[in-house]
Amino acid sequence: MQFTIEINGVKSVAKRGETILTVLQRNGIKVPTLCCMAGFSPTGSCRMCIVEVDGLSTLVPACSHPVEEWMQIKTHSPRVIKARRTLVELLLANHPDDCLYCDRAGTCELQKIASELNIRERKYHPRKPSVLIDRNCSSIERDPGKCILCERCIRVCDDVIGVNAIEIIGRGSNSIIGTSYNKGLNFSACIKCGQCIMVCPTNALKEKDSTQQVIEALNNPQLHPVIQLSSTVGISIAEEYGLKPGKDLANRLSVALRKIGFMEIHDTSLGADINTLEIAAKLVEKIRNKEKMPLFTGCCPSWVYYARKFRPEFMESVTSVKSPQQIMGALIKTYMNRDSKKKVFSVAVSPCTAKKEEADQDHPLLTGEKNVDVALTTRELMKILRHFGMDLNAIEPGFSETGYGMRGSSGRLYGISGGAAESILRSFHFLMTGQELNPLKVSELRGPKGRKEYRIKIGKQSYTFVAINGLQHVKPLLDEIAAGRNDIHLVEVMTCPGGCINGGGQRYGTDEKALKSRAKAIYDAADEEMIKVAHKNPAVADIYAGRMDALQSELNLEYIPNIKPAAV
């Protein structure tokens, strides 16, 4: 049912059941919010979106108050502005004065609202309690002093990820957001996915910064800096330069990275192709040996941490093959650079905060040193490019000069939910039949659904592939398997909704439109690649024909005999 209300003296159409905020947004009227998030039920806890409604004695929160036919609403009256200013001034009273060197300067939502309300000085000076910054985690830092108690992180951790790692501690004015018993993220249920960082309006949560370590390495003549890039990085950084979301700047990025000192640039997609072949071969072997199903992918470290902490009974079903990042790191350190006279400094860039933890926890056997010295997020890479004055808009596109930059469309698909399952399915079909999957595109494994299932018939047997899009959807599936479901053969789990395109290390302020553009860009780029399947990548065949025997224990590549170069 539609009816007319008045907003700032102008008649506007509203629908029964809508909130005031929804109607305002549809009419192009912006009011500030701090606790409200798209897709979540409103709480009205921050009160920043308050508006004045004629006939009501108090101001009401627009995000949670429903519209009614009789309403005459004022969104920026003197009374409303005064109340909003007071709210912000009270928040700033307990906030650190470090805006000049805060990582979120320019992207901090509290700073932006203060600027819009023309707040130029601190009005209140309460006594600040001393707080300790939680720096014990390899991936995420937590600064309670910058927390404004909006509870966004709690809601995402509970409702989207489903691990409940953070909560409200204390009561009243002593309330803070922290972990159970306030022991820190390292001793909590945190799986390091970084989705809390993406929704934090200030800098209370951020990734553990490693940019200075990389800058020092680039300036060290004793080191040979090498970098690998996830397939999503070149696509997502375009937005940082004001370009259309989804535009692929990988070729320009490669030139910029050489300009700042990286000696070699590799594509993590090559590691993804190797990961694909190994998992496909393992799946074939399990089926032929009639072993317990399903087989779970392990390319998402947050999913692996979740299984280890919450469902350890499934760990034996998670593949032991290393992730694409760690495979590439081992290849860079031992195979690709075996003739280098300088010490190799290996850097990996991805949209994932959990990759930092993965790089630190991976204990190499062959070299005695980490396969990946530093794992960076997309945001950190942008900081390094700005540090060296790189403007990708002004750089002419180029190509990687390394001999192992070749990639296939399968490896590129790893950046999106369902992509790993689709990639593995292509090689699985080839190993089972000796023929290519036709068509290669599997629509059932694409799209935003929380659980995607695809059943393929090969001979007289059917095989089921499942893609979990967002960790909250994995628990029902695990419960089904524990209850006896045995018709599933492979499960891909992506913790972040949408996959790596929506990882915790991506650009702040990512919206649904940008995610769709990134997804389309990945699919379009994969369609344009000449090599459509992992088992036909000549770079992979070359590596298998090289020193893989020496790297076998390092990479956990247990199924090399099943994929000989002659077969590809």
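Rules used in this analysis
Residues numbered from 1 in each chain as written. Predicted model: local features only at pLDDT ≥ 70, side-chain atom pairs only at ≥ 80, totals over all residues. Heavy atoms only, no water. Helix = DSSP H or I, 4+ residues; strand = E, 2+ residues; numbered from the N terminus. Rg over C-alpha atoms; globule rule 2.2 N^0.38 Å. Buried < 20%, exposed > 50% of the residue type's maximum accessible area, 1.4 Å probe, protein only. Contact = heavy atoms within 4.5 Å. Areas by Shrake-Rupley, 256 points an atom, 1.4 Å probe, with all protein chains shown as cover. Lys, Arg positive; Asp, Glu negative; His and termini not counted. Charge placed at Lys NZ, Arg CZ, Asp CG, Glu CD. Pairing = 2+ DSSP bridges. Axes fitted to C-alpha atoms, helices over the stretch in contact; angles between N-to-C directions.

J.: Would you mind showing me how to read the overall build of the chain here?
T.: If you tally the helices and strands in the chain, you get 19 helices and 17 strands. Here the chain has a C-alpha radius of gyration of 25 Å; the compact-globule value for 568 residues is 24 Å, and the two agree. Each principal axis of the C-alpha atoms in the chain carries an extent, and together these give about 80 × 60 × 50 Å. Residue burial in the chain is summarised as follows: out of 568 residues, 57% are buried. Nonlocal contacts in the chain, meaning residues at least 24 apart in sequence, comprise 72% of its contacts between residues at least 6 apart. Approximately 24800 Å² of the chain is accessible, and the part contributed by carbon and sulfur atoms is 51%. Charge centroids of the chain, computed over 75 positive and 63 negative side chains, lie 2 Å from each other.

J.: Would you mind showing me how to read unusual backbone geometry here?
T.: Note: most residues except glycine have negative phi, and most peptide bonds are trans. Here Met-293 and Pro-294 are connected by a cis peptide whose omega angle stands at 5°. Following Asn-438, the chain continues to Pro-439 via a peptide bond in cis, the omega torsion being 0°. Inspection of the secondary structure assignment puts Pro-439 in the loop between α15 (419-433) and β15 (451-458). At Asn-8, a residue that is not glycine, the phi angle is positive and equals roughly 55°. Among the secondary structure elements, Asn-8 is positioned in the loop between β1 (2-7) and β2 (10-15). Positive phi outside glycine occurs at Lys-192, with the angle close to 65°. Looking at the secondary structure, you find Lys-192 in the loop between β8 (176-179) and α5 (195-199). Relative accessible area serves as the criterion here: at 4%, Lys-192 is assigned to the buried category.

J.: Please explain helix α4 (residues 152-161) as it appears in this structure.
T.: In an α-helix, one turn spans 3.6 residues; hence positions three or four apart end up facing the same way. The element α4 is extensively covered by neighbouring structure, given that eight of its 10 residues are classed as buried. For α4, the complete set of buried residues consists of Arg-152, Cys-153, Ile-154, Arg-155, Val-156, Cys-157, Val-160 and Ile-161. Downstream of α4 by a residue or two, Gly-162 has a phi angle that is positive, lying close to 85°.

J.: Help me out: how do you make sense of the sheet that holds strand β10 (residues 223-229) in this one?
T.: Paired through backbone hydrogen bonds, the strands of a sheet run either parallel or antiparallel to each other. Spatially, four strands are ordered β11-β10-β13-β14 in an open sheet, and the strand pairing comes out parallel. Where the open sheet ends on each side, the last strands, each with one partner, are β11 (264-267) and β14 (374-377). With strand direction ignored, the average angle separating the axes of adjacent strands in the sheet is 25°. The sheet contact formed by β10 and strand β13 (residues 343-350) spans seven bridges and is parallel. Across the sheet, residue Gln-228 finds its bridge partner in β13, namely Ala-348. Against the sheet, helix α8 (residues 250-259) makes contact with β10 and β11, and its axis sits at roughly 145° relative to β11, the strand it touches most.

J.: How should the pairing of β13 be read in this particular structure?
T.: Each regular strand shows side chains that alternate between the opposite faces of the sheet. The buried fraction of β13 amounts to seven of the eight residues, a majority that puts the element mostly inside the structure. Note that β13 and β14 share four bridges and pair parallel. Within β14, the position partnered with Ser-350 by the bridge is Thr-377.

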